[in-house]
Amino acid sequence: MDRPPALMPIRAHTDRIYDIKCCIRPFRSKGFNLGVEQIGDAMVIHNYGHHGSGWCLSWGSADMQVQKAMSKSPKKIAVIGSGIIGLTSALVAQRAGLDVTIYTRELLPRTRSYRANGVWGPGTVALADEAPANLGEVWEQMVRTSWKYLRPYMGMAGNPVAWVDHYALSDTPFDAPPPPLPPMANGVERPVFYDMGNRASDIDSKPQVLTPDVNPFPVPYATRATKLFWNFSEYGHLLTQEFYSAGGKIVMRDFHSPSELAHLPEKVIINCPGYAAHDWWKDKAMIPVRGQTEWMIPQPEVNYGFTYRNVECRSKSDGVMVIAVGPGQFAKSWRNSNETPDRAEAEGAVRVVEELMSRFSGRPA
Ligand SMILES: Cc1cc2nc3c(=O)[nH]c(=O)nc-3n(C[C@H](O)[C@H](O)[C@H](O)COP(=O)(O)OP(=O)(O)OC[C@H]3O[C@@H](n4cnc5c(N)ncnc54)[C@H](O)[C@@H]3O)c2cc1C
């Protein structure tokens, strides 16, 4: 086993929180919508509902939906939305030789996509009893295609896509029975998710158990896995620049009814509204799953992340990101569309990191 390198301390204090981002994961009970429908003389190809995996699935999903668009041999297409799904759909279409106009009410830095965690780890996207029979195969193809598309973005200046060691830390043995699940908030029913099983697990790195002699943390149990993650500023800037330099156009526009799409000059449209499909497309299969990340002042010298006591922490180029995770957090987030940042939640998560750091004598070693 490689001995972990010396770890720089994370300066975790609540007065270093400079941003709290809150948003909804676009969960769709029937799985992502990749359907095609006709609105007037426009062919609308849907591409939304990627739950907590949109960053991971984006390129693969875009690739599939652009192939559908190509069946009409269009010269130009429209893409609705400029989140990570819209932007990658636009880029894949450009690479296929099409003129692309994005119509959107927000640019990427203001979208929900920008308020995510942004780490590789594609997960479930549907409820077990509503998922289509082929969901697993489609999902796996998406994952594998996305992975290939990401390859050229690795090793670029500014690390738009980066790798970092991530430690899972525990006070109890990893094979100890888990505590009982907390009750769901507001009496909502606990969902049963479609299980992706081991599909595409060969892509993800396997956690190594750290023996006490190499465990650098003042916590008895630790594993380490190297994780891929996105630095949103660099990656977002790069994708947007790529789009403009290939001749792409962006039109700021807010659609209120699907029928408005029939009036666009482009007759092939890839629709990527994320959770907003719930309202403007009246897609009642969309279920909100609240999420919040807290951002402390960047520490470029910190090059690791960890999960401990239901808090995940990761050092990114634009800040040290902290997010509450785990069953208790999920119980509060499911079917919760409240996008108001919760300062108490943010401070609670940062205090877990602060307390862990305070146990190191001097610098973590
Ligand atoms: C806390 C949190 C952590 C997450 N962590 C991860 C992670 O680690 N890895 C991962 O892969 N995924 C993660 N996700 C999930 C991921 O962020 C989403 O799946 C993804 O952002 C969805 O992207 P999107 O482009 O579909 O939607 P959005 O980002 O919401 O983009 C929708 C776009 O459509 C536009 N739009 C919508 N309606 C209209 C309209 N009526 N008219 C005009 N424009 C419209 C919007 O302006 C926007 O540009 C996380 C999400 C959250 C909340």
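The structure contained in this document is the topic of the report that follows. The numbering scheme is per chain: residues are counted from 1 as the chain's sequence reads. Note on the predicted model: pLDDT of at least 70 is required for a residue's local features to be given, and 80 or more for side-chain atom pairs to be given and counted; whole-chain, interface and lining totals, by contrast, use all residues. Neither water nor hydrogens contribute to the side-chain values; these are computed over all heavy atoms in the structure.

Think of it this way: one heavy atom of a residue within 4 Å of a molecule or strand is enough to make that residue near it. Contacts to the ligand come from 37 residues, most closely from H51, C56, S82, E106 and S113. Here a polar contact means two N or O atoms within 3.5 Å. Within protein one must be a hydrogen donor candidate and the other an acceptor candidate, and residues neighboring in sequence count only if both atoms are side-chain atoms. Note that an oxygen atom of the ligand is positioned 3.5 Å from one of the backbone N or O atoms of G83. Within the backbone of C272, a nitrogen or oxygen atom sits 3.3 Å from an oxygen atom of the ligand. Accessible surface area values rest on a Shrake-Rupley calculation with a 1.4 Å probe, where residue burial reflects the displayed protein chains alone. Contact with the protein chains hides 97% of the accessible area of the ligand, taken as 1,000 Å² for the molecule alone. Counting only elements with at least two residues in the shell around the ligand, the list comes to strand 1 (17-28), helix 1 (54-70), helix 2 (84-95) and strand 11 (286-296). Comment: elements are numbered from the N terminus, with helices defined as DSSP H or I runs of at least four residues and strands as E runs of at least two.

Our focus in this paragraph is the pairing of strand 12 (residues 304-308). Of all the five residues making up strand 12, four are buried; the element is thus mostly covered by neighbouring parts of the structure. For strand 6 (residues 161-170) and strand 12, the ladder comprises four bridges, and the chain directions are parallel. Bridge pairing in strand 12 places A168 opposite T307. Think of it this way: DSSP has to see at least two bridges between two strands before they count as a pair. Where strand 12 lies against strand 13 (residues 311-316), four bridges are found, and the strand directions are antiparallel. The residue bridging G305 from the neighbouring strand is R314, located in strand 13. Counted between consecutive antiparallel strands, the loop separating strand 12 from strand 13 contains two residues, among which R309 sits at a positive phi close to 45 degrees. Each residue is assigned to one of three classes by its accessible area relative to the maximum for its type, calculated with a 1.4 Å probe on protein chains only: buried under 20%, partly exposed between the two thresholds, exposed over 50%.

We call Phe, Tyr and Trp rings a pair once their centres come within 6.5 Å, taking the six-membered ring for Trp, and we label the pair stacked below 30 degrees between planes, edge-to-face above 60, and tilted otherwise. Taken as a whole and assessed by the stated rule, the structure comprises 24 aromatic pairs. Residues F330 and W334 carry aromatic rings whose centres are separated by 5.8 Å and whose planes lie at 35 degrees to one another, so their mutual orientation is tilted. An aromatic cluster is present here, built from W55, W59, Y114, Y149, Y153, W230, F232 and Y235 joined pairwise through their rings. The criterion for a charge sitting over a ring is simple: Lys NZ or Arg CZ within 6 Å of the ring centre, and within 35 degrees of the ring normal. Residue placement shows K21 over the ring face of W295; its charged tip is 4.4 Å from the ring centre. Taking the ring centre of F232 as reference, the NZ or CZ of K316 above it sits at 4.1 Å.

This part takes up the sheet that holds strand 9 (residues 249-252). Spatial ordering of the open sheet is given by 2-3-10-4-5-9, a layout of six strands whose pairing is mixed. Two strands close off the open sheet at either side, each with one partner strand: strand 2 (36-39) and strand 9. Within the sheet, the average angular offset between the axes of one strand and its neighbour, ignoring direction, is 25 degrees. Bridge count for strand 3 (residues 42-46) against strand 10 (residues 268-271) is four bridges, and the pairing is parallel. When the bridges of strand 10 are listed, V44 appears paired with I269. The sheet contacts of helix 1 involve strand 2, strand 3 and strand 10, and relative to strand 3 the element is tilted by about 165 degrees. Lines are fitted to the C-alpha atoms to define the axes, a helix being fitted only along its stretch in contact, and any angle between axes, read from their N-to-C directions, falls within 0 to 180 degrees. Contact between two residues is taken to exist if any of their heavy atoms lie within 4.5 Å; hydrogens are not considered.

Below, the discussion takes up the sheet that holds strand 8 (residues 221-230). Strands sit in the order 1-11-14-13-12-6-8-7 across an open sheet of eight strands; the sheet is mixed. The open sheet has two edge strands, strand 1 and strand 7 (208-209), and neither has a second partner. Summarising the sheet, strand 13 and strand 14 (residues 319-324) pair through six bridges and their orientation is antiparallel. Residue pairing across strands places R314 opposite M321, the latter belonging to strand 14. Those strands touched by helix 7 (residues 343-358) are strand 1, strand 6, strand 11, strand 12, strand 13 and strand 14, and its axis lies near 50 degrees from that of strand 11.

Helical geometry: 3.6 residues make up each α-helical turn, so side chains three or four residues apart lie on a common side. Compared with the 16 Å implied by 1.5 Å per residue over twelve residues, the 16 Å span of helix 2 between its first and last C-alpha is a close match. Counting buried residues in helix 2 gives eleven out of twelve residues, a clear majority hidden from the surface. Among the residues of helix 2, those classed as buried are I84, I85, G86, L87, T88, S89, A90, L91, V92, A93 and Q94. Of the surrounding elements, those touching the buried residues of helix 2 are helix 1, strand 4 (76-80), strand 5 (99-104), helix 3 (135-150), helix 4 (232-245) and strand 10. Two residues or fewer past helix 2, G97 is found with a positive phi of approximately 95 degrees. Multiplying one less than the number of residues by 1.5 Å gives the expected span of a helix.

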